[in-house]
Amino acid sequence: MAPIHVQLAGRLGQLPPYLFAELDRLKRQVVARGVDVISLGIGDPDLPTPPHIIEALCRAAHDPANHQYPSYEGMVRFRQAVADWYAAHNPAIGLDPATEIVALIGSKEGIGHLPLAFVNPGDAVLCPTPGYPVYQAGTRFAHGEVVEIRLREEDHFLIDYSKIPQGILERARVLFINYPNNPTATCAPRGFYEETIEVARAFDIIVCHDAAYSEIYYDGKRPLSFLELPGAKEVGVEFHSLSKTYNMTGWRLGWVAGNAEVVAGLGKIKTNVDSGVFQAVQEAGITALTGDQACVAELRATYQKRRDVALAALARIGLEAVTPEAAFYVWVHCPAGSTAAEFAARVLQEAGVVITPGTGFGSGGEGYVRMTLTVRVDRLEEAIERIGKVV
Ligand SMILES: *Cc1c(COP(=O)(O)O)cnc(C)c1O
């Protein structure tokens, strides 16, 4: 029997090819030639989850009470652990676990679903470029209009609200911001958040701050949480995740916190499409958030060493880089005369090093490539030395 004619919905046709799938395909070709490829491509921590967190999962997995459907919004104790974690960072952040926090199956899940709750067809959603591709994908799935907001190096990769036309601000329902930023590895100062809150209030825009990297910072300078700002909870939410802080990308555990109506709206989508996070994973998350934080300090020290080695090596080979303030990326200028895609392809084919072309994060990434700090110091140095031979 002939198979039916399977046709993809139009919304899938609007998406750019998933960047990392493209890179993986090229990488397989180079690996097949026998090259010892070093990947500074995907943003996934190389180090294992700390053992005390794994042990908490194992214990909880044996408890039959955890084998049934969890509540969609997350266990009360998990949400309380999140509230306490914020309060430990800044006692001014008071969150009601019952109404202002919902557990997510990784923050990507919540970010991707949020526009379904608040965006009607044709509503504008402000998405920074360069930026995490999920903001745009989620917007398109909701038939919203993606308005790319350019982040420029001369503005320290912050949004310049004065450059956004009034008419667009009037049509905007949601604004995504992300500091510490992926891919630029820069942070936002208090004044930027204050201005963001002002704009959001003036135009009734829901602010979604993606704070996945808040605990991975350099030189002892801890980035602000959006929720530390007075008025933040009146205009938006913060997405957060255990993925980067505790090397738990595979576990799929995050949260959204802040404005109760926004949290409830996203929760309403979630009750209809998923059934929450495995409780044993939430138990492990509680252990991560409430246990000894020495593992986080250790992780920061590891990345600090790698960042310093990478910056020194990049300077030696004459590639200009934006000094990372946080997150585990280095945002590097392409050599004069080559586009991001050309440079990344040449580095992969001639140096056997995977780096990500800046355009994978939108048009605002042209002229840059992103390197990750998720490999050992010796491999990182070798990778950059190899790149030095082809530039
Ligand atoms: C890694 C990352 C996340 C977190 O993803 P999870 O789904 O929580 O694993 C969110 N935003 C950005 C920008 C990221 O790079």
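The sections below set out a description of the structure shown in this document. (Residues numbered from 1 in each chain as written. Predicted model: local features only at pLDDT ≥ 70, side-chain atom pairs only at ≥ 80, totals over all residues. Heavy atoms only, no water.)

### Section: the overall build of the chain
Defined as follows: Each helix corresponds to a stretch of at least 4 residues labelled H or I by DSSP, and each strand to a stretch of at least 2 residues labelled E; elements are numbered beginning at the N terminus. Every radius of gyration here is taken over C-alpha atoms, with the globule rule written as 2.2 Å times N^0.38, N being the number of residues. Accessible area is worked out with a 1.4 Å probe on protein chains only. A residue is then buried under 20% of its type maximum, exposed over 50%, and partly exposed in between. It only takes one pair of heavy atoms within 4.5 Å for two residues to be counted as in contact.
The helix and strand tally for the chain stands at 14 helices and 13 strands. Taking 2.2 N^0.38 as the reference for a compact globule, 391 residues should give roughly 21 Å; the C-alpha atoms of the chain span a radius of gyration of 21 Å, in line with that estimate. Principal axes of the C-alpha set define a box for the chain whose edges measure 65 × 55 × 55 Å. Residues classed as buried in the chain amount to 57% of the 391 residues present. A separation of at least 24 residues holds for 75% of the contacts in the chain among residues at least 6 apart in sequence.

### Focus on the pattern of salt bridges
So the rule is basically this: Criterion for a salt bridge: a side-chain nitrogen of Lys or Arg within 4 Å of a carboxyl oxygen of Asp or Glu.
If you walk through the whole model with that rule in mind, you get 19 salt bridges. Of the charged contacts in the structure, one is a salt bridge between Lys 270 and Glu 109, with a shortest N-O distance of 2.8 Å. Residue Lys 270 is located in helix H10 (residues 260–273), and its partner Glu 109 is located in helix H5 (residues 107–118); the two are separated by 161 residues in the primary sequence. There is no split in this pair, since Lys 270 and Glu 109 are both buried. For the salt bridge of Arg 307 with Asp 308, the shortest nitrogen-to-oxygen distance reads 2.9 Å. Here Arg 307 falls in the buried class, since its relative accessible area comes to 6%. A single network of salt bridges, built from pairs that share partners, joins Asp 36, Arg 379, Glu 382 and Arg 386.

### What to know about the side chain of His 209
Residue placement: His 209 occurs in strand E6 (residues 206–210). Since its relative accessible area comes to 0%, His 209 is described here as buried. In contact with His 209, other than residues within four places in its own chain, are Ile 177, Asn 178, Tyr 179, Tyr 193, Phe 226, Val 237, Glu 238 and Phe 239.

### As for the packing of helix H4 (residues 76–89) against helix H11 (residues 279–290)
Short version of the rule: Axis lines are fitted to C-alpha atoms, over the contacting stretch for helices. Their N-to-C directions set the angle, which ranges from 0 to 180 degrees. By definition in this entry, angles of less than 35 degrees are roughly parallel, angles greater than 145 are roughly antiparallel, angles of 65 to 115 are roughly perpendicular, and the rest are oblique. With the far helix as reference, a near helix turned anticlockwise by less than a right angle produces a left-handed crossing, and one turned clockwise produces a right-handed crossing.
Direction vectors running N to C along H4 and H11 enclose 20°, while the axes themselves pass 9 Å from each other. With respect to H11, the axis of H4 lies roughly parallel. In the crossing of H4 with H11, the sense of the turn from one axis to the other is left-handed. Touching Arg 77, Phe 78, Ala 81, Val 82 and Trp 85 of H4 are Gln 282, Glu 283, Gly 285, Ile 286, Leu 289 and Thr 290, all from H11.

### Overview of helix H12 (residues 294–317)
For clarity, the cut-off: Helix span is expected to be 1.5 Å times the residue number reduced by one.
In this model, H12 (24 residues) spans 35 Å end to end at C-alpha, consistent with the 34 Å of a helix rising 1.5 Å per residue. Just beyond H12, the residue with positive phi is Gly 318, at close to 80°.

### Comments concerning the packing of H12 against helix H14 (residues 377–390)
Rules: Ten residues, namely Ala, Val, Leu, Ile, Met, Phe, Trp, Tyr, Cys and Pro, are considered nonpolar, four, namely Asp, Glu, Lys and Arg, are considered charged, and the remaining ones, Gly among them, are considered polar.
Contact pair H12 / H14: the axes reach a minimum separation of 9 Å and the direction vectors enclose 15°. The angle between H12 and H14 falls in the class roughly parallel. Crossing angle aside, the handedness with which H12 passes H14 is right-handed. Along the contact surface, H12 presents Lys 305, Arg 306, Val 309, Ala 310, Ala 313, Leu 314, Arg 316 and Ile 317, while H14 presents Val 377, Leu 380, Glu 381, Ile 384, Glu 385, Ile 387 and Gly 388. When grouped by side-chain class, the residues that make up the contact of H12 with H14 number 9 nonpolar, 1 polar and 5 charged.

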